[in-house]
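What follows is the residue order along each chain.
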Amino acid sequence: MIANLNERTHFQHRHNGPSNEDISQMLDTIGVDSVDELIDQTVPENIRKRADLKIPEALDEFSYVRSVKEIASKNKVFKSFIGLGYYNCVTPAVIQRNILENPGWYTAYTPYQAEIAQGRLEALVNFQTMVSDLTGMEIANASLLDEATAAAEAMSMQFSLRKKDKKSAQKYFVDERIFPQTLDVLKTRALPLGIELVIDKYENIDISAPEYFGLIVQYPNSEGSVEDYRALFSVAKENQVFITAAADLMSLVLLTPPGEMGADVVVGTTQRFGVPMGFGGPHAGFFATKEDYKRQIPGRIIGVSQDSHGNKAYRMALQTREQHIRREKATSNICTAQVLLGVIAGAYVVYHGPNGLKRIASRIHGLAQLASQYLGEMGFEQENQVFFDTLKIKADDSLKAKVKAEAESRGINFNYYNNGSIGVAFDETHTVAELVEVVSIFGKFGTKVIEEASVVEAANHVEIKFNGDFDRTSSFMEHPVYQKYQSEHEMLRYLKRLENKDLSLAHSMISLGSCTMKLNATSEMVPITWPEFAQMHPFAPVDQTEGYRELITNLTEWLSEITGFYTTSLQPNSGAQGEYAGLLVIKAYQADKGEGHRNVTLIPSSAHGTNPASAVMAGNSVVIVKCDERGNIDVADLRAKAEQYKETLSSLMITYPSTHGVFEESVIEICDIIHQNGGQVYMDGANMNAQVGLTSPGHIGADVCHLNLHKTFAIPHGGGGPGIGPIGVAEHLAPYLPGSALVDIDNGKAISSISAAPFGSAGVLPISYGYVAMMGPDGLLNATKMAILNANYIKTRLEAKFPILYTGSNGRCAHEMIVDCRAFKSFGIEVEDIAKRLMDYGFHAPTVSFPVAGTLMIEPTESETKEELDRFCDALLQIREEIEAVENGMMDANDNVLKNAPHTADSVLSEEWSHGYSRTEAAYPLEYLRTNKFWPSVGRVDNAYGDRHLFCSCIPVEEFEEVLEA
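Here is what the cut-offs are and how they apply
Residues numbered from 1 in each chain as written. Predicted model: local features only at pLDDT ≥ 70, side-chain atom pairs only at ≥ 80, totals over all residues. Heavy atoms only, no water. Pairing = 2+ DSSP bridges. Helix = DSSP H or I, 4+ residues; strand = E, 2+ residues; numbered from the N terminus. Axes fitted to C-alpha atoms, helices over the stretch in contact; angles between N-to-C directions. Contact = heavy atoms within 4.5 Å. Left-handed = near helix turned anticlockwise from the far one by under 90°. Nonpolar A, V, L, I, M, F, W, Y, C, P; charged D, E, K, R; others polar. Buried < 20%, exposed > 50% of the residue type's maximum accessible area, 1.4 Å probe, protein only. Right-handed = clockwise from strand over helix to strand, strands pointing away. Disulfide = S-S within 2.5 Å. Phe/Tyr/Trp six-rings, centres within 6.5 Å; stacked < 30°, edge-to-face > 60°. Lys NZ or Arg CZ within 6 Å of the ring centre and 35° of its normal. Core = buried A, V, L, I, M, F, W, Y, C linked by side-chain atoms within 4.5 Å. pLDDT = per-residue confidence, 0-100.

### Thoughts on the sheet that holds strand β4 (residues 196-200)
In a beta sheet, neighbouring strands pair by backbone hydrogen bonds and run either parallel or antiparallel. Across the sheet, which stays open at both edges, the 7 strands sit in the order β2-β8-β7-β6-β5-β3-β4 with mixed pairing between neighbours. Single-partner strands in this sheet number two, and they are β2 (139-140) and β4. Direction of pairing for strand β3 (residues 171-175) relative to strand β5 (residues 212-219): parallel, over a ladder of 4 bridges. Pairing of F173 across the sheet is with L215, part of β5.

Structure follows, in structure tokens:
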């Protein structure tokens, strides 16, 4: 035996599912001689890019982990007292191991199929209830992207809710002591909508002026001061001015919540509830409001309904699919959330309970209270009369410089205000020893020496009090779920019970068209919990973030090479945010050229619902372009409309390959038509998994393209978030990429921020970095080829029994296909019945009724083996036989395995069985299920019932008891 000592196992062979033998058999089935022949038949020659990707050769997994450790070591993790909405916290180990690091949680898909997502849905209801209770509001959503985005969504919602006599009101008041990153995002969102921001101290404003429709304040504010806004809120209410408070949830454990002061909306972040800072994200923002506005709430709400057996069940309420966004009438393009981070935050409060939160909050405030006392004794002026965790110490530039030098020499970061003041923000991780160190740093420049022993002694007994009428008197989180799981053993069992109700990639393939549910490799995931990445503040000094900067620079260069663009911004923290950012960059470029009047966006009728929503938010009018009978853009209609609107044409939004799963051969001509008429081409990168290494948006002729790092580049969906949606741009657009209020990333003419953190959800960037680094140029190219091979294999196996709606000129699909199920409707079988029946076979349904109603859009990805593809195809083909049994009358049209799906273990094992088919047909229609069965935890959920009886908090225990008694 001869061994090659220079060779290690290539990661691509772990990531790409099909073996050489699989590939050979699949090619035979498809009817081609080679993978390259299939690619030539699928991808138009005129868009092919034959040159190799210019990115580093692939690293094996061991070498990668070692190399990224070296990068991480270049970050200097100081003890952070910066605050400004980002705080170190403790992620309980039972939560870190069993949620954050657990593929059973992080590889699940968005809970559109409620019957196999009950665990995640319950965890999100815990999150919603906690937010509602702490804020004093009536209803909360299941998270938003970050605090700044939530604030912008509140402003937009309130703008759309103006009453008739306020329709001309365009002004929105922003207290100048709001977090600067939030203000920056508000500026971004306000401009296209024609909202005028008035920024001042709230004490100076006459909110009764008729031109105001809303206001926002920070509680506690960016300087740490807790302000009494009751009088302001009262005047606002009298004058029909909507009120938003951006609040720190941890402070609301002790402080009067804004809901009790009269706020209409309360927004913020749950980051300090067990979610690491991660250089800015991902973190679950929150949005809480009144029942009156439940149908205007952006994002998702989890509600309570019932299943087909009358049992309580959770589901996404009111709007259950992203294409239900109101398209060109939308005020929000939010189609995702931060589910994984929301689950962690919800689990954190379940684990600690209200009493545990009070202990944590009291300890934080107690440290700040003692620090304020000792700073005063040493001769410093602490300016905040009432505070929770943040002190503002008056200082001139000389004192600030000396304190900064002393603090950084001890590995400590404070916040240094422009006026010379120094901010000191305490958090859950700080100890009395660190309080002593803070006192010692200032003591070097004070009038009195404070002995360490006296500080330690005083810390043994601190009376927690606030000056003024701010103490919280209302109770919160009284539901039993927040009382029962304070021991780790019980918490572990609870988390496992929830996890076991959810189907994830740990169970089977999730073949969602347009969503690319591929392998999220463990080696890619490992670095995100390292302290060097997890505990970095987004506004830490640049010289402390060298590791992050290196990783970000490398990933930016790699993604730019892959997309064929000049450069890339990593700031947008979802695909929809990437769409919005890309359109704003285009508009900024056009305005700079003196073409600010360009405001028409052309969008194909097949586009994602977020496309027209993003265009409207960017201030554009939407004009729909027809598609032909093969699903391609109608080029003649596009040309006619581009010429019709050539004086005002801003952009075309196009998805490539198309949403129908086809490489449109006219795409270069389409781009040329737009450019000839003065517009720019925005490419939606949702289907980038079919492009990488074969072609690129830049090569095709696009000007900007967003990428879904949570799709093509292996960041896991996390049950509905986190996501990252960076944009690549051509050179002429680069100066306009998003900037930051607090970190210098301006490329010359930057638009204001899209998200709160300068580099978006930087904490999960190591995942995509690892994916590209370990795949290398060959692995990335082969992944694209395998994705196309797998899709065409499924198509070939299914097409004799299921019509495939659209194909290319050679009869091939791209990386996904649309299976037409509309004909079954004539004898009573809906596409939803097929989706629910797939659960009985252990599979999550493909994308249902998008982009064509009554269809399934299937995308297998490159990570699935032939064995798993066959198992999935066998399931669908067996379901087709079940449909035929209904069609030919062998099975009852109403009482059949499809209409009654999914079948729970309880229903199959019950003593009473009245169906016209056997229990075996219900539960074990194929033999493999006898040894590998995933049981849905509830029967089919009644969506309409849930919307008619909207209930979005933890179910009272008595209701469960009523069900059991019945």
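### Considering the sheet that holds strand β20 (residues 704-707)
Here we have 7 strands laid out as an open sheet, ordered β15-β21-β20-β19-β18-β16-β17, and mixed in their pairing. One side of each edge strand has no neighbouring strand; the edge strands of this open sheet are β15 (567-569) and β17 (621-625). Between one strand axis and the next, the sheet turns by 25 degrees as a mean value, whatever way the strands run. By the bridge criterion, 3 bridges tie β20 to strand β21 (residues 727-729) in an arrangement that is antiparallel. Residue C705 lies in a different strand from β21, and its bridge partner there is G728. On the sheet, helix α20 (residues 575-592) packs against β18 (649-655), β19 (680-685), β20 and β21 and is oriented at approximately 170 degrees with respect to β19.

### Details of the packing of helix α5 (residues 93-100) against helix α12 (residues 339-377)
Two numbers describe how α5 lies on α12: the axes approach to 10 Å, and their chain directions differ by 150 degrees. The crossing of α5 and α12 is right-handed. Here V94, I95, I99 and L100 of α5 lie close against α12, whose contacting residues are L340, V343, I344, A347, Y348 and Y351. In terms of residue class, the contact of α5 with α12 is made up of 10 nonpolar, no polar and no charged.

### A look at the pairing of strand β6 (residues 242-247)
For β6, the tally of buried residues reaches 6 of 6 residues, placing the bulk of the element in the interior. Judged by which residues are buried, β6 turns out to be covered on both faces: F242, T244 and A246 on one side and I243, A245 and A247 on the other are all buried. Pairing of β5 with β6, which is carried by 6 bridges, proceeds in the parallel orientation. Each bridged residue has a counterpart across the sheet, and for I216 the counterpart in β6 is T244. In this region the chain leaves β5, passes through helix α10 (residues 230-238) and returns to the parallel neighbour β6; the handedness of that crossover is right-handed. Where β6 lies against strand β7 (residues 265-269), 3 bridges are found, and the strand directions are parallel.

### A word on the state of the cysteines
Summed over all chains, the structure comprises 0 disulfides. C671 provides the cysteine sulfur closest to C627, a residue in no disulfide bond, and the two sulfurs are 15 Å apart. Overall, C627 belongs to the partly exposed group, its relative accessible area being 21%. Note on C873: no disulfide assigned, nearest cysteine sulfur contributed by C813 at a separation of 11 Å.

### Brief notes about the packing of aromatic side chains
Counted by the stated rule, this structure contains 28 aromatic pairs. Aromatic pair F273 and Y348: ring centres 5.5 Å apart, planes at 20 degrees, arrangement stacked. Of this pair, F273 sits in the loop between β7 and β8 (285-289) while Y348 sits in helix α12, and the two are 75 residues apart along the sequence. The exposure classification of F273 matches that of Y348, with both residues buried. Three or more aromatic residues joined by ring pairs form one cluster here, namely F81, F380, F414, F426 and F442. Over the face of the ring belonging to Y924 we find K933, whose NZ or CZ atom lies 6.0 Å from the ring centre. Directly above the aromatic system of W935 lies the positively charged group of K933, at a separation of 4.8 Å from the ring centroid.

### Digging into the nonpolar core
Formed by 306 residues in total, the largest nonpolar core has its most connected members in M130, L215, F414, F426, F442, L602 and I834. In terms of residues, this core owes the most to one element, α12, which gives 21 residues. Each residue touching F442, except ones within four places of it in the same chain, is listed here: L375, M378, F380, I393, V403, F414, I422 and V424. Within the second largest apolar cluster, 23 residues are counted, among which are A581, I586, I603 and L737.

### Details of helix α21 (residues 610-617)
Where burial is concerned, most of α21 is hidden: 8 out of the 8 residues are buried. Burial in α21 covers these residues: T610, N611, P612, A613, S614, A615, V616 and M617. In the core, the buried residues of α21 are packed alongside α9 (180-193), α20, β16 (600-604), β17, β18 and β19. Positive phi appears at G619, one or two residues downstream of α21, with a value of about 90 degrees.

### So, the confidence of the model for the protein chain
Per-residue pLDDT for the protein chain averages 95, and the proportion of residues at 70 or more is 98%. Segment residues 960-966 is flagged for pLDDT under 50; beyond a separation of four residues in sequence, or across chains, it makes 5 contacts in the model.

### Regarding the environment of E57
Along the chain, the position of E57 falls in the loop between α3 (35-42) and α4 (61-72). Along the sequence, E57 and P210 sit 153 residues apart, while their C-alpha atoms lie 63 Å from each other. Setting aside chain neighbours within four positions, we find E57 in contact with A773, G776 and P777.

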